[in-house]
Amino acid sequence: MDQTVDNRTTMGTTTSPLMNESEKNAIIGGVLLSMLLAALDQTIVAPALPTIGRALGHAEYLPWIVTGYLLTATAMAPLYGKISDVYGRRPVIYAAVLIFLLGSLVSALAPNMLVLVIGRAIQGAGGGGLFALTQTVIGDLVPPRERARYAAWIAGTWAVASVAGPLLGGTFAEHLHWSLIFWINLPLGFLAMAIINKPLKKLPIAAKHHRIDGLGAVLLVIATALLLLALNWGGSTYPWFSLEVLGLVACSAVFWALFAVRLLRAAEPLVSLEVLSNPIVLAGTLSMFLLQAASIGISVYLPVYLQAVVGLSVSESGTAMLGLLLGTVAGATFSGRTIPRFFHYKRIAMFGITFAILCIGVLSAIAGQASLLEVEILTTLIGIGTGTTFPVSTVSVQNAVDRAHLGVATGVLTFLRSLGGALGVAMLGAVALGYGLPLAAEGSLTRIEVTSVTPFVMIFLTAGITLVLALVALALMPEKPLRGQAEHSAPAPVLSE
């Protein structure tokens, strides 16, 4: 077995000595811009759905505009991590951006609903890669000890998308044309590619002489798609215990089992068993999965609570969500800046989640008589508490693996984060339906009148219990000292057989 060190084919020197700070910042700015595109397309479409339904007809298929994107974005995330570890970040990022822009073009020119849904699925296939690759590239450029502060930039990107997406979508659909929500991606996407083109060439390829497990990739995509379909259709399109939903869950379980067998038998599995068996990766990704389930679930049902119980209008409830969003950014910023100063950095997130659990407990206790000010304070504090976990989980997982597996580990984290969000919405949707709170056909809630606050109390309590489980997973996660600049840049030979 020959051991070689090659600056072009290893991640031993993660950044070229010729790369200066301005080039690093250009890369980070470019990948964050590309990530913003993908995040915007998860939020910009919803306000335009009624207009699109009137323009293209077949309004009964409107949910697929959202579901099509979600399915492919979630399923493709772990694949991009592995592919970028083998072929390098630059060509894979370019491929993801171009796939996303192709989907945007197909969506903008769509003459009917079917073509639009296909375009959205293509968009998701690229967008899923942009989510995973953004964090992976930042991991290439910055050592773990300093990496956490960039998590605030990522959280801020999501916050901008959450606020700007609905505003732009509503404005384009009402005053201009709905297709602009897709056309706007083209100049922004090409701008991102232009920004990162030259400096990204200096990022060396992560590994050499490796193969992509095509069969494993197909099994993973099918298993994920079937599970997400079950989560999206359950309780809305079909009852949870209908043959359709149970059949999807059963088929998904079969393909997950086949994927597990493939991981054990493949000469080079899609997701390295070394990564999957790492206790830090297991606990870190599980805590992120559970945290995202609670966070996304709260963000979906909080506007309905504000409308039905507090008495806000639809637009007012959207504005009132800013507390939760900005709190999350503030929590991630605080955590990211504080992590390098603490040896036991995990405690930052554990304290944050504990604080969020207490706040959501108070919110559930006073839900029936809470004022708008009280709700705003509590949801902002919940956002601050949960926000502290995102940098800790991301940095812990990336710090736990060698640089040749950075893309895979980050892809798995991104995948479970997205899957957790889908599960959280479905889980709290089941709680809502169980206590008489109806869901709209699209899986979102309409302006409703409620005679009891009990459904919201149970929704908040369920989210709180999920946060408790996330805290337990985080507590069980081993803590590994964060690598600094010297360790991050030290050569790491690739073994070629």
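This is a predicted model, so every value here is computed, not measured. (Residues numbered from 1 in each chain as written. Predicted model: local features only at pLDDT ≥ 70, side-chain atom pairs only at ≥ 80, totals over all residues. Heavy atoms only, no water.)

Description of the overall build of the protein chain
The condition that has to hold: Elements are defined by DSSP. Helices are runs of H or I of four residues or more, strands are runs of E of two residues or more, and each kind is numbered from the N terminus. To sort residues, take the accessible area from a 1.4 Å probe on protein chains only and compare it with the maximum for the residue type: under 20% means buried, over 50% means exposed, and anything in between is partly exposed. The Shrake-Rupley method, run with a 1.4 Å probe, gives the accessible areas here. Residue values count only the displayed protein chains as cover.
Summing up its helical and strand segments, the protein chain has 21 helices and two strands in all. Buried residues in the protein chain amount to 55% of all 497 residues. For the protein chain, the accessible area works out to roughly 20100 Å², and carbon and sulfur atoms hold 69% of it.

A word on a nonpolar patch on the surface
Threshold: Here, patches come from residues exposed beyond 30% relative accessible area and free of salt bridges, joined within 9 Å for like charges and within 5 Å for nonpolar side chains (Val, Leu, Ile, Met, Phe, Trp, Tyr). Any carboxyl oxygen of Asp or Glu that lies within 4 Å of a side-chain nitrogen of Lys or Arg is treated as forming a salt bridge with it.
On the surface, Leu105, Leu109 and Trp183 cluster together into a nonpolar patch covering about 260 Å² of accessible area. As for its position among the elements, Leu105 is in helix α4 (residues 89–108).

Quick notes on the nonpolar core
How we decide: Among buried residues, the Ala, Val, Leu, Ile, Met, Phe, Trp, Tyr and Cys ones that are joined through side-chain atoms within 4.5 Å form a nonpolar core. A contact between two residues is defined here by any heavy atoms of the two lying within 4.5 Å.
Tyr305, Ile353, Phe456, Ile459 and Phe460 are the most contacted members of the largest nonpolar core, which totals 81 residues. The greatest single-element share of this core, amounting to 15 residues, is contributed by helix α13 (residues 279–310). Residues within four places of Ile459 in sequence aside, it is in contact with Tyr301, Leu428, Val431, Ala432 and Leu437. Listed in part, the 35 residues of the second largest apolar core include Tyr80, Leu130, Ile154 and Ala192.

Some remarks on the side chain of Thr224
Checked against the element boundaries, Thr224 lands in helix α10 (residues 214–233). Exposure remark for Thr224: the relative accessible area of 1% places this residue in the buried category. With residues near it in sequence (within four places) discarded, Thr224 still touches Thr74, Ala75, Trp256 and Phe415.

A few points about the environment of Ala225
On the secondary structure map, Ala225 appears in helix α10. Each C-alpha atom, one on Ala225 and one on Leu248, is 9.4 Å from the other, the two residues being 23 residues apart in sequence.

Looking at helix α11 (residues 243–265)
Formally: Expected span, for any helix, means 1.5 Å times one less than how many residues it has.
The end-to-end C-alpha distance of α11 is 33 Å, a good match for the 33 Å that 23 residues give at a rise of 1.5 Å each. Buried residues of α11: Val245, Leu248, Ser252, Phe259 and Leu263, and no others. Where α11 is buried, its residues contact α10 and α12 (273–276).

Some remarks on the packing of aromatic side chains
Stated formally: Under the pairing criterion, centres of Phe, Tyr and Trp rings, with the six-membered ring standing for Trp, must be within 6.5 Å; the plane angle then separates stacked pairs below 30 degrees from edge-to-face pairs above 60, leaving the rest tilted.
Under the criterion given, the structure shown has six aromatic pairs. Relative to Phe259, the ring of Trp256 has its centre 6.1 Å away and its plane inclined at 75°; by these criteria the two rings are edge-to-face. Of this pair, Trp256 and Phe259 are both found in helix α11, three residues apart, which corresponds to roughly one turn of the helix. On the basis of an interplanar angle of 80° and a centroid distance of 5.4 Å, the ring pair of Tyr305 and Phe460 is categorised as edge-to-face. You can see Tyr305 sitting in helix α13 and its partner Phe460 sitting in helix α20 (residues 454–476), a full 155 residues away along the chain.

Remarks on the packing of α10 against α11
The condition that has to hold: Axis angles are defined between N-to-C directions and span 0 to 180 degrees, where every axis is a line fitted to C-alpha atoms and, for a helix, only to the segment in contact. In this scheme, roughly parallel covers angles under 35 degrees and roughly antiparallel covers those over 145, while 65 to 115 is roughly perpendicular and the rest are oblique. Crossing chirality is assigned from the near helix's rotation relative to the far helix, an anticlockwise turn below a right angle marking it left-handed and a clockwise turn marking it right-handed.
The N-to-C vectors of α10 and α11 enclose an angle of 155°; their axes lie 8 Å apart at closest approach. The pairing of α10 with α11 is recorded here as roughly antiparallel in orientation. In this structure, the crossing between α10 and α11 has a hand that is left-handed. Only Val245, Leu248, Val249, Cys251, Ser252, Phe255, Trp256, Leu258, Phe259 and Arg262 of α11 make contact with α10, whose side of the interface consists of Leu215, Gly216, Leu219, Leu220, Ile222, Ala223, Thr224, Leu226, Leu227, Leu229, Ala230 and Trp233.

Description of the side chain of Gln123
Position of Gln123 among the secondary structure elements: in helix α5 (residues 113–141). Other than its neighbours up to four places away in sequence, Gln123 contacts Asp41, Tyr69, Phe100, Gly103, Ser104, Ser107, Phe182 and Asn185.

Some remarks on the environment of Thr285
Put simply, the rule is: Definition of a polar contact: a pair of N or O atoms within 3.5 Å, with one able to donate and the other able to accept a hydrogen when the atoms are protein atoms, and with sequence-neighbouring residues admitted only if both atoms are side-chain atoms.
Structurally, the position occupied by Thr285 is in helix α13. In this structure Thr285 comes out as buried when scored by relative accessible area, which is 5%. Between the C-alpha atoms of Thr285 and Thr414, which are 129 residues apart in sequence, the distance is 8.6 Å. Contact partners of Thr285, with chain neighbours within four places excluded, come to Val397, Val412, Leu413 and Leu416. A polar contact is formed between the side chain of Thr285 and the backbone oxygen of Val281, at a distance of 2.6 Å. Here Leu282 takes part through its backbone oxygen, which lies 3.2 Å from a polar atom of the side chain of Thr285.

Some thoughts on the confidence of the model for the protein chain
For the record, the criterion: Predictor confidence is given residue by residue as pLDDT, running from a minimum of 0 to a maximum of 100.
Taken as a whole, the protein chain shows an average pLDDT of 77; of its residues, 83% reach a score of 70 or greater. Every residue in residues 1–17 scores below 50 in pLDDT, and together they form 51 contacts with partners more than four places removed in sequence or on other chains. For the stretch residues 485–497, pLDDT sits under 50, and the model shows 40 contacts to residues farther than four places along the chain or on other chains.

Quick word on α13
Selection rule: Note that bend, as reported per residue, equals the angle between axes fitted to the 7 residues terminating at that residue and the 7 residues originating from it.
For α13, built from 32 residues, the straight-helix expectation of 46 Å at 1.5 Å per residue is met to within 8% by its first-to-last C-alpha distance of 44 Å. The largest bend in α13 is about 30°, located at Tyr301, with the proline Pro303 one to four residues further on. Along α13, 24 of the 32 residues are buried, which leaves the element largely enclosed by surrounding structure. Two or three places before Ile280, at the opening of α13, Asn278 has a side-chain oxygen 2.9 Å from that residue's backbone nitrogen.

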